Amino acid sequence: MVEASSFKGRDVVSMLDFNREEIDFILDKASEMKPLAERGSDLLKGRILATLFFEPSTRTRLSFEAAMHRLGGEVIGFAQPGVSSIAKGESFEDTIRTVENYADVIVVRHPEEDSAVRAARVAEIPVINAGSGPWEHPTQALLDLHTIREAKGRIDGLNIALVGDLLYGRTVHSLAFALANYDVKLYLVSPPQLKMRRDVLEKVEGRLNYVETGDLKSILPELDVLYVTRVQKERFPRPEDYEAVKDAYRIDREMLRDAREDLIVMHPLPRVTEIATDVDETPHAWYFRQVRHGLYVRMALLALVLGAL
Ligand code: NCD
């Protein structure tokens with residue numbers, strides 16, 4: 001049986017490090033955070049979170065900071081590496097070794113795929129991965145699952161499509177790892193150039209029931225969840241390759257006429273053109289509600305790894 005104490009001091013580096021019981025436990029704890037998010041709490045009073053963001057962020061950084069504040073804790077950190085001693089040539093490892101003297105938990109986003117693993121290796125305090133280059137974004141996967149559970153009441157038995165940039169999109173990598181613990185049918189929908197990374201599929205082989213396709217229209221009527229992603233412009237080695245695929249999928253209200261009435265449309269955000277704004281006012285749109293779940297999940301994670309639950 002999973003207990004809250006088993007999360008104390010733990011790093012959150014990869015969704016592959018968590019089994020189904022642990023994921024369900026975190027999601028349950030996230031639900032318990034809802035009233036605390038409204039009322040506020042002293043659960044993490046006297047604790048300090050350091051947020052180290054070497055890449056742009058709106059939701060991930062602000063929701064971690066809000067989560068810490070809602071639980072009565074304090075936050076230090078930077079949102080641009082240019083203002084830290086990285087700009088003087090300090091190594092990533094030395095930065096982590098320094099910051100752990102000031103904080104009780106570190107949240108880090110960095111362009112390199114092994115950044116979170118490296119941070120966790122040198123830090124004695126818990127490290128939470130807020131995006132490791134194009135590889136993983138585990139806390140996003142947890143908030144995605146929490147949103148699905150809230151909307152559908154369950155995860156098992158659902159038909160879920162991940163659409164867009166499955167090559168460079170880190171959220172869909174972590175989400176695929178997480179969904180391998182559940183009984184779902186997963187459609188991986190992308191242009192050929194942006195197919196799901198082979199090393200992601202290798203890690204879930206035999207555990208995940210998936211189909212790869214480029215044709216969203218034909219599977220749309222079967223879906224319970226449509227998870228749309230942004231084409232990750234900043235990851236493309238050549239701008240012309242981005243131009244060739246940037247408009248591969250565009251979801252609009254007209255297209256959703258073929259969908260189930262209770263289809264939910266999700267997106268980790270930011271969106272660019274892949275979901276038309278005319279979808280926003282339909283009952284399908286869950287992407288802004290999804291944001292709120294990030295707060296609950298991050299409150300739960302901070303409280304768990306700090307041993308406060
Ligand atoms: C995503 C990210 O940074 O990977 N954003 C987020 O954290 N919600 C998705 C994206 O940038 O497209």
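All figures in this text were calculated on a predicted structure; none of them were measured in a lab. Note that residues are indexed from 1 along each chain, following the sequence as it is written. Whole-chain, interface and lining totals are the exception, using all residues; otherwise, since this is a predicted model, local features are given only for residues with pLDDT of at least 70 and side-chain atom pairs are given and counted only at 80 or more. Just so you know, side-chain values use all the structure's heavy atoms and leave hydrogens and water out.

1. Quick look at the sheet that holds strand E2 (residues 74-78)
When DSSP finds at least two bridges between two strands, those strands are taken to pair. Starting at the N terminus, helices and strands are each numbered in turn, a helix being any DSSP run of H or I of at least four residues and a strand any DSSP run of E of at least two. Ordered in space as E2-E1-E3-E4, the four strands form an open sheet in which the pairing is parallel. Single-partner strands in this sheet number two, and they are E2 and strand E4 (127-132). Here the average twist between neighbouring strands, direction ignored, is 15°. With five bridges connecting them, strand E1 (residues 48-53) and E2 associate as parallel partners. When the bridges of E2 are listed, Ile48 appears paired with Glu74. Note on contacts: a residue pair qualifies if any of its non-hydrogen atoms lie within 4.5 Å across the two residues. Whenever a helix is involved, its axis is fitted only over the stretch in contact; in every case the axis is a line through C-alpha atoms, and angles between N-to-C directions fall within 0 to 180 degrees. Here helix H5 (residues 115-122) sits on the sheet and contacts strand E3 (105-110) and E4; the angle it forms with E4, its principal contact strand, is near 160°.

2. A few points about the site of the ligand
Being near a molecule or strand, for a residue, means having at least one of its heavy atoms within 4 Å of it. Around the ligand lies a shell formed by Thr60, Arg109, His137, Gln140, Arg170, Thr171, Arg230, Gln232, Pro268, Leu269 and Pro270. At a separation of 2.8 Å, an oxygen atom of the ligand approaches a polar side-chain atom of Gln232. Grid spacing is 1 Å over the protein atoms alone, the probe is 1.4 Å, and a cavity is where that probe fits but cannot get out, while a pocket is an open set with protein on both sides within 12 Å along at least five of seven lines and lining residues have an atom within 4 Å of a point. Assignment to a cavity or pocket requires that more than half of a molecule's atoms be within 2 Å of the site's grid points. Structurally, the ligand is housed in the largest pocket. The classification used treats Ala, Val, Leu, Ile, Met, Phe, Trp, Tyr, Cys and Pro as nonpolar, Asp, Glu, Lys and Arg as charged, and all other residues, Gly among them, as polar. In the shell around the ligand, the residues fall into three nonpolar, five polar and three charged. Whenever a nitrogen or oxygen atom comes within 3.5 Å of another N or O atom, the pair is scored as a polar contact, on the condition that within protein one atom can donate a hydrogen and the other can accept it, and that pairs from neighbouring residues in sequence are kept only if both atoms are in side chains.

3. Section: helix H4 (residues 92-99)
All buried positions along H4 are accounted for by Phe92, Thr95, Ile96 and Val99. For H4, the angular spread of buried residues about the axis comes to 95°, placing them on one side. Exposure is judged per residue with a 1.4 Å probe applied to protein chains only, and the accessible area is read against the type maximum: over 50% gives exposed, under 20% gives buried, and values in between give partly exposed. Here the arc refers to the set of directions running from the helix axis out to each C-beta atom.

4. Thoughts on the packing of aromatic side chains
Within 6.5 Å between ring centres, the rings of Phe, Tyr and Trp (the latter by its six-membered ring) count as paired, and their orientation is classed by plane angle as stacked under 30 degrees, edge-to-face over 60, tilted in between. Scanning the model with the defined rule gives seven aromatic pairs in all. These aromatic residues form a ring-pair network of at least three members: Phe54, Phe78 and Phe92. Across from the ring centre of Trp286, 3.8 Å away, lies the NZ or CZ of Arg289, which sits over that ring. Should the NZ of a Lys or the CZ of an Arg lie within 6 Å of a ring centre and within 35 degrees of the ring normal, that charge is described as sitting over the ring.

5. Topic: the pairing of E3
Among the six residues of E3, six are classified as buried, and the element is accordingly described as predominantly covered. The alternating pattern of E3 places Val105, Val107 and Arg109 and Ile106, Val108 and His110 on opposite faces, both of which are buried. Two strands pair when backbone bridges link them, and E1 and E3 are joined in this way by five bridges, in the parallel orientation. If you follow Phe53 over to E3, its bridge partner there is Arg109.

6. Considering the domain arrangement of the protein chain
Parsing the protein chain into structural domains produces domain 1 (4-136 + 293-305) and domain 2 (138-291). Each domain's limits were defined by an automated method or a database of domain assignments. Look at where the C-alpha atoms of domain 1 and domain 2 centre, and you get two points 24 Å apart. The interface is formed by 37 residues belonging to domain 1 together with 36 residues belonging to domain 2. Throughout, the accessible surface (probe 1.4 Å) given up by two parts as they are put together, summed over both, is called the buried area. Summed over both sides, the interface between domain 1 and domain 2 buries roughly 2900 Å², with carbon and sulfur atoms accounting for 58% of that surface.

7. Looking at the layout of surface pockets
What the largest pocket holds in volume is close to 400 Å³. Taken together, 21 residues form the lining of the largest pocket, with Arg109, Arg170, Arg230, Leu269 and Pro270 sitting closest to its centre. When contributions to the lining of the largest pocket are tallied by element, the ones reaching two or more residues are helix H3 (59-70) and helix H7 (170-179). The class makeup of the residues in the lining of the largest pocket is four nonpolar, ten polar and seven charged. Inspection of the lining of the largest pocket shows a minimum of three residues originating in each of domain 1 (4-136 + 293-305) and domain 2 (138-291). Grid points are joined across faces, edges and corners, and a volume is the space filled by probe spheres set on the points. Volume-wise, the second largest pocket comes out at about 220 Å³. As for the second largest pocket, its lining consists of 17 residues, of which Arg59, Ser63, Val291, Arg292 and Leu295 are closest to the centre. Within the residue set of the lining of the second largest pocket, elements represented by two or more residues are H3, helix H6 (138-152) and helix H11 (287-305). Sorting elements by how many residues they give to the lining of the second largest pocket places H11 first, with seven residues. Partitioning the lining of the second largest pocket into residue classes produces seven nonpolar, six polar and four charged. Split by domain, the lining of the second largest pocket shows at least three residues from each of two domains, domain 1 (4-136 + 293-305) and domain 2 (138-291).

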